[in-house]
Amino acid sequence: MIKTIIIADDSRTARMVTRRCLEIAGLGDAEILEAADGQEALDLVKNHAADLLVTDLNMPHMEGSALLRAIKSSPRLNAVPVMVISSMSSQAREHELIKLGAFAVLPKPVSPAAFMEALELLSENSIAGEK
Amino acid sequence: MIEREDPIKTAVTTAVCATMEGMAFEQMESIEGAPDQLESEDKNLWVSLEIVNPCRGQVIIELPWVYADLVARAMYGEIDGDIPEEVIQDTLAELSNTLAGRFMLELLGPDLDYGLGFPITGKGFCPSIEDRIQSLHFAGSGHNLRVDVVGNDFKEFSEKLTKTSEVMT
């Protein structure tokens, strides 16, 4: 069950849109924490038991792919599922991000339907992982 | 008769329509022959976003402040009273980010990678634009919006990527 979500994006508008999509996708009861860059998001992930991280790619201080690398290379944090949202989503980049450990890459503009689909994938993955 | 489509024009039009509908529920219409300047200088807002890879250039959006306010209200939902200026500018910056990404995806196709810079916003008319290679006007909710593509690098791309389509006349 997803109880705590961290949203990382340098745009407050993008964070608001993501938050709204997550709420419509059925995660309205989850606690949502926001970070304005990758470093802030990494600090939040380290200090909270996050069940999901939704991150943008193009951010100051630490960009999304560096954040993803930092999380997936940490034995303590690598179980945190990471979803990437970006306006820079070519197939080549999508493959690279999936290889790095993201479970979904959503192109902007995002929609609640795209979130629902990605969350279903996460649920299937975790069920498969439990078996 | 074979007519050559301008891939930049096609990519901008698709990006504007998809972004404005997807983010602000705005149905956009392309308009030809609109005056270059939209409103008086003190009533305009612009955002410029740099394309850094694989060719260098900029995508610039300019629109009346009243339209930017309307778009921000559509995205944020119910807001009582005035929307803070920084929220309107952030909304426009996020729109430009999404629009530029979609533009590059349309222009290059899904296999090629591309990189974007960070948006810069300003009030009034956008400072002098050199190397403007495309300027397109759109209308939505009774307001106009202009999108400029800047940078001679795009011309080369345009020539490489120009598609031909048969148009029955």
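Conventions used here
- Here the residue numbers are simple positions, counted from 1 along each chain's written sequence.
- Chain labels run from A onward and ligand labels from 1 onward, assigned in the order the entries are written.
- Two thresholds apply to this predicted model, a pLDDT of at least 70 for residue-level local features and 80 or more for giving and counting side-chain atom pairs, whereas whole-chain, interface and lining totals are computed over all residues.
- Side-chain measures here rest on the full set of heavy atoms in the structure, leaving out hydrogens and waters.
- Comment: elements are numbered from the N terminus, with helices defined as DSSP H or I runs of at least four residues and strands as E runs of at least two.
- For this measure, only C-alpha atoms enter the radius of gyration; the expected value for a globule follows 2.2 Å times N^0.38, where N is the number of residues.
- Three labels apply to residues, based on accessible area from a 1.4 Å probe with only protein chains included: buried if under 20% of the type maximum, exposed if over 50%, partly exposed otherwise in between.
- Contacts were defined at the residue level, with two residues in contact if any of their heavy atoms lie within 4.5 Å.
- Here the accessible surface of atoms and residues is derived via Shrake-Rupley with a 1.4 Å probe, and residues count as covered only by protein chains that are part of the display.
- Positive residues here are Lys and Arg, negative ones are Asp and Glu, while His and the chain termini are left out of the count.
- For the purpose of locating charges, the reference atoms are NZ of Lys, CZ of Arg, CG of Asp and CD of Glu.
- One confidence number per residue, pLDDT, is output by the predictor and ranges from 0 to 100.
- Salt-bridge detection follows one rule: a side-chain nitrogen of Lys or Arg within 4 Å of a carboxyl oxygen of Asp or Glu.
- Two strands form a pair only when DSSP identifies at least two bridges running between them.
- Where helices are involved, their axes are fitted lines through C-alpha atoms of the stretch in contact, as for all axes, and angles between N-to-C directions lie from 0 to 180°.
- Put simply, angles under 35 degrees are roughly parallel, angles over 145 are roughly antiparallel, angles from 65 to 115 are roughly perpendicular, and the rest are oblique.
- Side-chain atoms within 4.5 Å are what join buried Ala, Val, Leu, Ile, Met, Phe, Trp, Tyr and Cys residues into a set we call a nonpolar core.
- Two parts placed together each lose some accessible area under a 1.4 Å probe, and adding up what both lose gives the buried area.
- Contacts described as polar in this section are N or O atom pairs within 3.5 Å, which, within protein, must combine one atom able to donate a hydrogen with one able to accept it, while residues neighboring in sequence count only if both atoms come from side chains.

A. Representation of the overall build of chain A within the structure. A tally of helices and strands in chain A yields 5 helices and 5 strands. Each helix and strand of chain A, ordered N terminal to C terminal, gives the series β-α-β-α-β-α-β-α-β-α. A compact globule built from 131 residues would reach a C-alpha radius of gyration of about 14 Å, and chain A, at 13 Å, matches this within 12%. Expressed as a percentage of its 131 residues, the buried residues of chain A come to 53%. Long-range contacts, defined as pairs at least 24 residues apart, comprise 64% of the intrachain contacts of chain A with a sequence gap of at least 6. Of the roughly 6,100 Å² of accessible surface on chain A, a fraction of 51% belongs to carbon and sulfur atoms. Charged side chains of chain A number 13 positive and 18 negative; the gap between the two group centres comes to 3 Å.

B. The confidence of the model for chain A, seen in detail. Taken over all residues, the pLDDT of chain A has a mean of 93, while the share at 70 or more is 98%. Taking the mean pLDDT of every element in chain A, the minimum, 85, falls on helix H5 (residues 112-130) of chain A and the maximum, 98, on strand S1 (residues 4-8) of chain A.

C. Structural context of the pattern of salt bridges. Tallied over the entire structure, the rule returns 14 salt bridges over all chains. Ionic pairing is found between A:Arg19 and A:Glu34, a salt bridge with its closest N-O pair at 3.0 Å. On the criterion of sequence distance, the pair formed by A:Arg19 in helix H1 (residues 12-27) and A:Glu34 in strand S2 (residues 31-35) is long-range, its members being 15 residues apart. Owing to a relative accessible area of 28%, A:Arg19 belongs among the partly exposed residues under this scheme. The structure contains a network of salt bridges with shared partners spanning A:Asp9, A:Asp56, A:Lys108 and B:Glu94.

D. Geometry of the sheet that holds strand S5 (residues 104-107) of chain A. Residue and element names in this part refer to chain A. Taken in spatial order, the 5 strands of this open sheet run S2-S1-S3-S4-S5, and their pairing is parallel. Single-partner strands in this sheet number two, and they are S2 and S5. Here the strands of the sheet are splayed against their neighbours by 20° on average, with no regard to which way each runs. Note: S1 against strand S3 (residues 52-56), 4 bridges, orientation parallel. Residue Ile6 lies in a different strand from S3, and its bridge partner there is Leu53. Lying over the sheet, helix H3 (residues 64-72) contacts S1, S3 and strand S4 (82-86), oriented at roughly 155° with respect to S3.

E. View of the packing of H1(A) against helix H3 (residues 85-108) of chain B. At a closest axis distance of 7 Å, the pairing of H1(A) and H3(B) adopts a crossing angle of 75°. With respect to H3(B), the element H1(A) is oriented roughly perpendicular. For the pair H1(A) and H3(B), contact is made by A:Arg12, A:Thr13 and A:Ala14 and by B:Val87, B:Asp90, B:Thr91 and B:Glu94, respectively.

F. Here's a closer look at the pairing of strand S3 (residues 44-53) of chain B. Residues and elements named next belong to chain B. The buried count for S3 comes to 7 of 10 residues, which makes it a mostly enclosed element. Where S3 meets strand S4 (residues 57-64), 8 bridges bridge the pair, whose relative direction is antiparallel. Following the sheet pairing, Val47 is matched in S4 by Ile61. Relative to strand S6 (residues 120-123), S3 is paired through 4 bridges, and the arrangement is antiparallel. Note that in S6 the partner of Val47 across the bridge is Thr121. Here S3 pairs with strand S5 (residues 115-116) via 2 bridges, running antiparallel. Across the sheet, Ile51 pairs through a bridge with Leu116, a residue of S5.

G. Here's a closer look at the nonpolar core. In terms of nonpolar packing, the biggest core is built from 90 residues, with A:Ile5, A:Leu52, A:Phe115 and B:Phe103 touching the most fellow members. Setting aside anything within four residues of it in sequence, one finds B:Phe103 in contact with B:Ile8, B:Ala11, B:Val12, B:Ala15, B:Val59, B:Val149 and B:Phe154.

H. Summary view of the interface of chain B and chain A. Counting residues at the interface gives 23 residues for chain B, matched by 20 residues for chain A. In this assembly, chain B packs against chain A so that about 1,900 Å² is buried in total across both faces, 50% of it on carbon and sulfur atoms. Where chain B meets chain A, there are 2 salt bridges. Residue B:Glu94 is joined to A:Lys108 by a salt bridge in which the shortest nitrogen-to-oxygen separation is 2.8 Å. At the surface where chain B touches chain A, the tally comes to 16 residue pairs in polar contact (both at pLDDT 80 or more).

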